[in-house]
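# Remarks on the overall topology
In case you want the letters, here they are:
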Amino acid sequence: MSRTAFKERMNVNHVEIHTDGACKGNPGPGGWGALMRSGENVREIFGGELDTTNNRMELTAVIEAFLALKRPCKVTLYLDSEYVRKGITEWIHGWKAKGWRTAAKQPVKNADLWQKLDALVINSGHQIEWRWVKGHAGDPGNERADALANMGVEQALGR
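In this report, the structure presented in the accompanying data block is examined. (Residues numbered from 1 in each chain as written. Predicted model: local features only at pLDDT ≥ 70, side-chain atom pairs only at ≥ 80, totals over all residues. Heavy atoms only, no water.)

## Considerations on the overall build of the protein chain
Here is the rule: In this description a helix means any DSSP run of H or I spanning at least four residues, a strand means any run of E spanning at least two, and both kinds are numbered starting from the N terminus. Exposure is judged per residue with a 1.4 Å probe applied to protein chains only, and the accessible area is read against the type maximum: over 50% gives exposed, under 20% gives buried, and values in between give partly exposed. Note on contacts: a residue pair qualifies if any of its non-hydrogen atoms lie within 4.5 Å across the two residues. In this description, accessible areas are obtained by the Shrake-Rupley approach with a 1.4 Å probe, and a residue is regarded as covered only by the protein chains that are shown. Charged residues are defined narrowly, with Lys and Arg counted positive, Asp and Glu counted negative, and His plus the chain ends left uncounted. A charge is said to be at NZ when it belongs to Lys, at CZ for Arg, at CG for Asp and at CD for Glu.
If you tally the helices and strands in the protein chain, you get 5 helices and 5 strands. Secondary structure elements of the protein chain occur, N-terminal to C-terminal, as α-β-β-β-α-β-α-α-β-α. Along the first, second and third principal axes, the C-alpha set of the protein chain runs to 55 × 40 × 25 Å. Here the protein chain, with 159 residues, has 43% of them falling under the buried criterion. Pairs at least 24 residues apart make up 66% of the contacts formed inside the protein chain by residues separated by at least 6 positions. Split by element, the accessible area of the protein chain, about 8,700 Å² in all, is 50% carbon and sulfur. Put simply, the protein chain has 22 plus and 19 minus side-chain charges, and the middle of one group is 7 Å from the middle of the other.

This is how it looks when you write it as structure tokens:
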């Protein structure tokens, strides 16, 4: 590793991110939220849509969190969605090889968001550790991300 590459690697921020999605009805109005921490800095982001699904909001939370990062970071991402974690770390390779089809030859649901997330993961320069946490089990970061996602639902509903 060159001296410059080493220095750049040593200057990489560590960011801890907690994400969650919420949906009132599935489909129905939904929201996403992300709690982002780097050292003493804390940032909260959220948003919502009127006609969506829980899985789309889980994916959107991760995508929006990555989009909020302005440079490559070492990311520890906590999420309660096995769908997103397994999708991006395991299933996506097969989907891409099969032209965004499942093993049953059906179109991959939410392919637009999977493709966006895949591009962010590949092109962002982030070093990402994907960690699953049990939802609604008292994890403070997950509970806050859930509250933010519900704020996204309220925003989508105009409240």
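## Notes on the side chain of S124
Counted only if it meets this: Think of a polar contact as two N or O atoms within 3.5 Å of one another; within protein, one of them needs to be a possible hydrogen donor and the other a possible acceptor, and neighboring residues in sequence only count if both atoms come from side chains.
Mapped onto the secondary structure, S124 falls in the loop between helix 4 (111-123) and strand 5 (127-132). Owing to a relative accessible area of 18%, S124 belongs among the buried residues under this scheme. Looking at S124, its side chain comes within polar contact range of the main-chain oxygen of L120, at 2.8 Å. In this structure the side chain of S124 is engaged in a polar contact, spanning 3.1 Å, whose partner is the backbone nitrogen of H126. Aside from chain neighbours lying at most four places away, what touches S124 is P72 and A119.

## Quick look at the sheet that holds strand 4 (residues 73-79)
The condition is simple: Any two strands with at least two DSSP-identified bridges between them are counted as paired. Fitted lines through C-alpha atoms give the axes, limited to the stretch in contact for helices. The angle between two N-to-C directions lies from 0 to 180 degrees.
In spatial order, the strands read 3-2-1-4-5; together these 5 strands make up an open sheet with mixed pairing. Strands with a single pairing partner mark the edges of an open sheet, and in this sheet they are strand 3 (41-52) and strand 5. Averaged over neighbouring strand pairs, the angle between their axes works out to 20° when direction is ignored. Across 6 bridges, the pairing between strand 4 and strand 5 is parallel. Opposite T76, over in strand 5, you have E129 as the bridge partner.

## Here's the deal with the environment of G152
Residue placement: G152 occurs in helix 5 (residues 140-156). Residues G152 and S38 lie 114 residues apart in sequence; the distance between their C-alpha atoms is 23 Å. The residues touching G152, leaving out its near neighbours within four places in the chain, are G30, G31, F46, G47 and G48.

## Digging into the nonpolar core
Where we set the bar: Take the buried Ala, Val, Leu, Ile, Met, Phe, Trp, Tyr and Cys residues and link them wherever side-chain atoms come within 4.5 Å; each set so joined is a nonpolar core.
Counting 32 residues, the largest nonpolar core has F66, W114 and L117 as the members making the most contacts within it. The element best represented in this core is helix 2 (residues 54-68), accounting for 8 residues. Leaving out residues up to four positions away in the same chain, W114 has contacts with L59, Y83, V84, G87, I88, I92, W95, W100, V108 and K109.

## Observations regarding the packing of aromatic side chains
Stated precisely, the cut-off is as follows: Put simply, two rings from Phe, Tyr or Trp (the six-membered ring, in Trp's case) pair if the centres are within 6.5 Å, and we call them stacked under 30 degrees between planes, edge-to-face over 60, tilted for the rest.
A full pass over the atoms with the stated rule returns 5 aromatic pairs. Consider the rings of F66 and W130, whose centres lie 6.0 Å apart with planes at 85°: the pair is edge-to-face. Of this pair, F66 sits in helix 2 while W130 is found in strand 5, placing the two residues 64 residues apart along the sequence. Each member of the pair, F66 as well as W130, is classed as buried. Seen in terms of ring centroids, Y83 and W114 are 5.3 Å apart; in terms of plane orientation they differ by 65°. Their pairing is edge-to-face.

## Topic: helix 4
What counts here: Given a helix with a known number of residues, its expected span is that number minus one, times 1.5 Å.
Between its terminal C-alpha atoms helix 4 stretches 18 Å, which fits the 18 Å expected from 13 residues at 1.5 Å a residue. Turning to helix 4, its buried residues number three or more, namely A111, L113, W114, L117, D118 and L120. Those residues of helix 4 hidden inside the fold are in contact with helix 2, helix 3 (82-97) and strand 5. Count one or two residues on from helix 4 and you reach G125, which has phi positive near 80°.

So yeah, pure geometry; function would need other evidence.
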